[in-house]
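Listed here are the chains, written in short residue letters.
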Amino acid sequence: EKINDLRNVIAAYSNLAIVKRSLGDFEKAIDYLNLILDKSLSQKLSAKIYSDLAENYLLLNDSDNANKFLKISNSISKDSKILGKNYQTQGNINLSNRKFEEAENYFIKAMPLVKEVYGNNNRELGKLYNKVAQCKMGVALYKEAILNYRLALKTILPKNNELVGDDMVNKNSLYPEN
């Protein structure tokens, strides 16, 4: 019974951290994650918490702590979902530091893991193509950027590929973060 109570506490604080992050209160999200870090029941859950901490520190523009927690997360678990997210976060750290080629390498490294976890036509994969396009734009490879933007659209709109050309897709069909 105590284990079930502990699971509920961990789930509650984890959900609160997600809400706080989505509201932009990254410090409070970090506080909630730190509360459950030592209560984790498995290495996989600990790796996820460290991964979430890294993401929140990145959102605070604290690359040092983001990198520190990514390393810990990666050393604990090789779960595809967590590792894919960690590569995305590492790519975002490099992108925010204008290290476009390094960022691109991490986004590309995340792609097979994201495909494995979510499939070929998922928003997460579309976001990665979008991030690769941003990297291409950062180094003035505009044709390659356009190609990756199109791949992002084809990924999230697989049934509307004929619309993903020179004409723009109906903007109401897209998720805001894409």
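So, a few notes on the structure that sits alongside this text.

What counts and what doesn't
Sequence order as written defines residue numbering, which begins from 1 separately in each chain. The predicted origin of the model limits local features to residues at a pLDDT of at least 70 and limits the giving and counting of side-chain atom pairs to 80 or more, whereas totals for whole chains, interfaces and linings rest on all residues. As a rule here, side-chain values come from all non-hydrogen atoms in the structure, and water together with hydrogens is ignored. The axes used here are C-alpha line fits, helices contributing only the stretch in contact, and every angle between their N-to-C directions lies in the interval 0 to 180 degrees. Segments assigned H or I by DSSP are reported as helices when at least four residues long, segments assigned E as strands when at least two residues long, and all are numbered from the N terminus. What sets the label is the angle itself: under 35 degrees gives roughly parallel, over 145 gives roughly antiparallel, 65 to 115 gives roughly perpendicular, and the rest give oblique. Working rule for handedness: look at the near helix, and if it is turned counterclockwise from the far one by less than a right angle, call the crossing left-handed; if clockwise, right-handed. Note on contacts: a residue pair qualifies if any of its non-hydrogen atoms lie within 4.5 Å across the two residues. The classification used treats Ala, Val, Leu, Ile, Met, Phe, Trp, Tyr, Cys and Pro as nonpolar, Asp, Glu, Lys and Arg as charged, and all other residues, Gly among them, as polar. Nine residue types can take part in a nonpolar core, namely buried Ala, Val, Leu, Ile, Met, Phe, Trp, Tyr and Cys, and a core is a set of them joined through side-chain atoms within 4.5 Å. When accessible area is computed with a 1.4 Å probe and restricted to protein chains, residues below 20% of their type maximum are described as buried, those above 50% as exposed, and intermediate ones as partly exposed. Every case where a carboxyl oxygen of Asp or Glu lies within 4 Å of a side-chain nitrogen of Lys or Arg is listed as a salt bridge. Any two of the Phe, Tyr and Trp rings considered here, Trp counted by its six-membered ring, make a pair once their centres fall within 6.5 Å; the pair's planes then place it as stacked at under 30 degrees, edge-to-face at over 60, or tilted in between. Exposure above 30% relative accessible area and the absence of a salt bridge qualify a residue for a patch, where like charges join within 9 Å and nonpolar side chains (Val, Leu, Ile, Met, Phe, Trp, Tyr) within 5 Å. Here, Shrake-Rupley sampling with a 1.4 Å probe gives the accessible areas, and only protein chains in the shown set may cover a residue.

**Some words on the packing of helix α3 (residues 43-59) against helix α5 (residues 80-96)**
Turning to step 1, where the next piece is worked out: Contact geometry of α3 with α5 gives a least axis separation of 10 Å together with a crossing angle of 20°. Considering the angle they form, α3 stands roughly parallel to α5. Considering how the two elements wind past one another, α3 and α5 form a crossing that is left-handed. On α5, the residues touching Lys 44, Ala 47, Lys 48, Ser 51, Asp 52, Ala 54, Glu 55 and Leu 58 of α3 are Ile 82, Lys 85, Asn 86, Thr 89, Asn 92, Ile 93 and Ser 96.
Turning to step 2, where the next piece is worked out: Of the residues belonging to the contact of α3 with α5, the class tally is five nonpolar, five polar and five charged.

**Points about the nonpolar core**
Turning to step 1, where the next piece is worked out: Counting residues in each nonpolar core, the largest one holds 18 residues, and the members touching the most others are Leu 33, Ile 49, Leu 53, Tyr 57 and Phe 69.
Turning to step 2, where the next piece is worked out: Every element with two or more residues in this core is listed here: α1 (2-22), α2 (26-37), α3 and α4 (63-76).
Turning to step 3, where the next piece is worked out: With 16 residues, the next largest nonpolar core counts Tyr 87, Leu 95, Leu 125 and Leu 128 among its residues.

**Quick word on the pattern of salt bridges**
Turning to step 1, where the next piece is worked out: The tally for this structure, following the rule as stated, stands at nine salt bridges.
Turning to step 2, where the next piece is worked out: In this structure, the salt-bridge partner of Asp 52 is Lys 85, at a minimum N-O distance of 2.1 Å. Within this pair, whereas Asp 52 is found in helix α3, its partner Lys 85 is found in helix α5, the two being separated by 33 residues in sequence.
Turning to step 3, where the next piece is worked out: Owing to a relative accessible area of 22%, Lys 85 belongs among the partly exposed residues under this scheme.
Turning to step 4, where the next piece is worked out: Here the salt bridges do not stand alone but share partners, grouping Arg 21, Lys 48, Asp 52, Glu 55 and Lys 85 into one network.

**Looking at the environment of Glu 116**
Turning to step 1, where the next piece is worked out: Looking at where Glu 116 falls in the secondary structure, it is placed in helix α6 (residues 100-118).
Turning to step 2, where the next piece is worked out: Note on Glu 116: relative accessible area 56%, which makes it exposed.
Turning to step 3, where the next piece is worked out: Distance from Glu 116 to Lys 81, taken between C-alpha atoms, is 8.5 Å for residues 35 residues apart in sequence.

**Considering the packing of aromatic side chains**
Aromatic ring pairs: the centre-centre distance and the angle between the two ring planes describe each pair.
Turning to step 1, where the next piece is worked out: Summed over all chains, the structure comprises four aromatic pairs.
Turning to step 2, where the next piece is worked out: Here Tyr 57 and Phe 69 contribute two aromatic rings whose centre-to-centre distance is 5.5 Å and whose plane-to-plane angle is 10°, an arrangement assigned as stacked. With Tyr 57 in helix α3 and Phe 69 in helix α4, the pair connects residues that are 12 residues apart, well separated along the chain. Like Phe 69, Tyr 57 is buried.
Turning to step 3, where the next piece is worked out: Linked through ring pairs, Tyr 50, Tyr 57 and Phe 69 together constitute an aromatic cluster.

**Focus: a nonpolar patch on the surface**
Turning to step 1, where the next piece is worked out: A cluster of nonpolar side chains, contributed by Met 137, Tyr 142 and Tyr 149, occupies part of the molecular surface with about 290 Å² of accessible area.
Turning to step 2, where the next piece is worked out: Relative to the helices and strands, Met 137 resides in helix α7 (residues 123-138).

**Some thoughts on the packing of α3 against α4**
Turning to step 1, where the next piece is worked out: Two numbers describe how α3 lies on α4: the axes approach to 8 Å, and their chain directions differ by 165°. Taken together, the axis directions place α3 and α4 in an arrangement best described as roughly antiparallel. Here α3 runs over α4; the crossing is left-handed. Across the interface between the two elements, Gln 43, Ser 46, Ala 47, Tyr 50, Ser 51, Leu 53, Ala 54, Tyr 57 and Leu 58 from α3 touch Asn 65, Ala 66, Phe 69, Leu 70, Ile 72, Ser 73 and Ile 76 from α4.
Turning to step 2, where the next piece is worked out: In terms of residue class, the contact of α3 with α4 is made up of 11 nonpolar, five polar and no charged.

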